[in-house]
Amino acid sequence: MNFAVLASGHGGNLQAIIDAVKAGKIKAQLKAVISDKKDAYALKRAQQAGIAALHINPKDFPDRESFDRCVVERLQGFGVDFVVLAGYMRLVSIYFIQQYPHRILNIHPSLLPAFKGMHAIRDAFEHGVKVTGPTVHFVVEAADDGPIILQEAVAIAPEDSLESLEEKVHQAEHRIFPQAIDLFVRGKLKIEGRRVIITG
Ligand code: GRF
């Protein structure tokens, strides 16, 4: 299987995925990394790993769907079978989702459905929850929704700061995202309504 990663920022998750592919822990080809941000460090990580790195500027398009049509065209050019959103800070259009039904995976840094939105780690910390952690899920039309593949609980200790919690959540992300992609690639995920059954 071929896949691409869409990323907008630092690319910590992307790096974990690149490393897992290189180590043979994900048996699929990472064909391209696409970013909506020109200066995304994720693009540098892709280049350093010898993976095609593309910037597509949303400002060059009149609306979300025409931007997504361009992204999908490029993905098709790379022969991509599925798509991974790794810190991709844009909502994808229905058009995009329809091209890859249940073949787009996203990571979110809270235990969904708690703390949807852009500041999930901070929101969880400020809310005072004792446990948070990342979620990998299939992408559906509604943001931060969709059948949940994997979650990892991260305990919030009394001595944790927002920064130390962010670090713990990111480390957990880097564990479960490659695992979830591997399960997907090996055909181990069966979707039943909202539930994802992980088969033996
Ligand atoms: C991660 O916390 C991810 O859950 C969220 O954005 C952040 C991206 O970090 N969607 P990175 O670019 O992978 O380092």
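As the structure is a computational prediction, the values presented were derived from the model and not from experiment. Starting from 1, residues in each chain are numbered consecutively following that chain's sequence as written. Owing to the predicted nature of the model, reporting of local features is limited to residues with pLDDT of at least 70; listing and counting of side-chain atom pairs is limited to 80 or more, with chain, interface and lining totals taken over all residues. Calculation of side-chain values draws on the structure's entire complement of heavy atoms; hydrogens and water are dropped beforehand.

Some points on the overall build of the protein
Part 1 of the argument: Per the secondary structure count, the protein includes 6 helices and 11 strands.
Part 2 of the argument: The principal-axis extent of the C-alpha atoms belonging to the protein is close to 50 × 40 × 35 Å.
Part 3 of the argument: Looking at the protein residue by residue over its 200 residues, the buried ones come to 48%.
Part 4 of the argument: In the protein, the share of contacts with a sequence separation of at least 24, taken over all contacts with a separation of at least 6, comes to 62%.
Part 5 of the argument: All accessible-area figures derive from a Shrake-Rupley calculation using a 1.4 Å probe, and residue coverage is judged against the displayed protein chains alone. Carbon and sulfur atoms make up 50% of the accessible area of the protein, which amounts to about 9,900 Å² in all. By definition, any uninterrupted DSSP run of H or I lasting at least four residues is a helix, any uninterrupted run of E lasting at least two residues is a strand, and each is numbered from the N terminus. Remark: exposure states derive from per-residue accessible area (1.4 Å probe, protein chains only) relative to the maximum for the residue type, with buried under 20%, exposed over 50%, and partly exposed in between. Throughout, a residue-residue contact means that at least one pair of heavy atoms, one from each residue, lies within 4.5 Å.

A few points about the site of the ligand
Part 1 of the argument: Being near a molecule or strand, for a residue, comes down to having at least one heavy atom within 4 Å of it. In the vicinity of the ligand, the contacting residues are His10, Gly11, Gly12, Asn13, Gly87, Met89, Ile107, His108, Pro109, His170 and Glu173.
Part 2 of the argument: Taking His170, its side chain carries an N or O atom lying 3.3 Å from an oxygen atom of the ligand.
Part 3 of the argument: Polar contacts, as used here, are pairs of N or O atoms within 3.5 Å; protein pairs need one atom able to donate a hydrogen and one able to accept it. Residues neighboring in sequence count only if both atoms are side-chain atoms. At 2.3 Å, a side-chain N or O of Glu173 approaches an oxygen atom of the ligand.
Part 4 of the argument: In the complex, 85% of the free accessible area of the ligand, which totals 360 Å², lies under the protein chains.
Part 5 of the argument: By residue class, the composition of the shell around the ligand is 3 nonpolar, 7 polar and 1 charged. Each residue gets one label: Ala, Val, Leu, Ile, Met, Phe, Trp, Tyr, Cys and Pro are nonpolar, Asp, Glu, Lys and Arg are charged, and the others, such as Gly, are polar.

Quick word on the packing of helix α1 (residues 12-22) against helix α2 (residues 41-48)
Part 1 of the argument: Here, axes are lines fitted to C-alpha atoms. For helices the fit covers the stretch in contact, and angles between N-to-C directions go from 0 to 180 degrees. For the pair α1 and α2, interaxial distance at closest approach is 9 Å and the crossing angle is 20°. In terms of axis orientation, α1 runs roughly parallel to α2. The element α1 and its partner α2 pack so that their crossing is right-handed. Two secondary-structure elements touch here, α1 through Gly12, Leu14, Gln15 and Ile18 and α2 through Ala42, Arg45 and Ala46.
Part 2 of the argument: Of the residues contributing to the contact of α1 with α2, the split by class is 4 nonpolar, 2 polar and 1 charged. Oblique is the label for every angle not falling under 35 degrees (roughly parallel), over 145 degrees (roughly antiparallel), or within 65 to 115 degrees (roughly perpendicular). Crossing chirality is assigned from the near helix's rotation relative to the far helix, an anticlockwise turn below a right angle marking it left-handed and a clockwise turn marking it right-handed.

Re the domain arrangement of the protein
Part 1 of the argument: Where each domain starts and ends comes from a domain assignment, either automatic or drawn from a database. Per the domain assignment, the segments of the protein are domain 1 (1-101) and domain 2 (107-200).
Part 2 of the argument: Computed from C-alpha atoms alone, the centre-to-centre distance between domain 1 and domain 2 is 20 Å.
Part 3 of the argument: Contacts between the two partners involve 19 residues from domain 1 and, on the opposite side, 14 residues from domain 2.
Part 4 of the argument: Of the roughly 1,400 Å² buried where domain 1 meets domain 2, counting both sides, 76% is carbon and sulfur surface.
Part 5 of the argument: Salt bridges are defined as contacts in which a side-chain nitrogen from Lys or Arg sits within 4 Å of a carboxyl oxygen from Asp or Glu. Between domain 1 and domain 2 we count 0 salt bridges in total.
Part 6 of the argument: Remark: the boundary between domain 1 and domain 2 carries 1 residue pair in polar contact (both at pLDDT 80 or more).
Part 7 of the argument: A per-element tally of the side of domain 1 that touches domain 2 places α1 first, with 5 residues.
Part 8 of the argument: Of the residues assigned to the side of domain 1 that touches domain 2, the class counts are 15 nonpolar, 2 polar and 2 charged. Two parts placed together each lose some accessible area; with a 1.4 Å probe, that loss summed over both constitutes the buried area.

Focus on the nonpolar core
Part 1 of the argument: Buried residues of nine kinds, namely Ala, Val, Leu, Ile, Met, Phe, Trp, Tyr and Cys, make up a nonpolar core once their side-chain atoms join them within 4.5 Å. Counting 33 residues, the largest nonpolar core has Phe3, Val5, Ile17, Val84, Ile149, Phe177 and Ile181 as the members making the most contacts within it.
Part 2 of the argument: Excluding residues within four positions of it along the chain, Ile149 makes contact with Leu105, Val136, His137, Phe138, Ala180, Leu189, Val196 and Ile198.
Part 3 of the argument: Judged by nonpolar contacts, the second largest core, of 22 residues, contains Ala32, Phe67, Cys70 and Tyr88.

Describing the pattern of salt bridges
Part 1 of the argument: Counted by the stated rule, this structure contains 8 salt bridges.
Part 2 of the argument: A salt bridge links Asp182 to Arg186; the shortest N-O distance between them is 3.1 Å.
Part 3 of the argument: Exposure remark for Arg186: the relative accessible area of 46% places this residue in the partly exposed category.
Part 4 of the argument: The salt bridge partner of Glu192 is Lys190, with a shortest N-O separation of 3.0 Å.
Part 5 of the argument: Taking the relative accessible area as the measure of exposure, Glu192 reaches 40% and is therefore partly exposed.
Part 6 of the argument: Assessed through its relative accessible area of 44%, Lys190 is described here as partly exposed.

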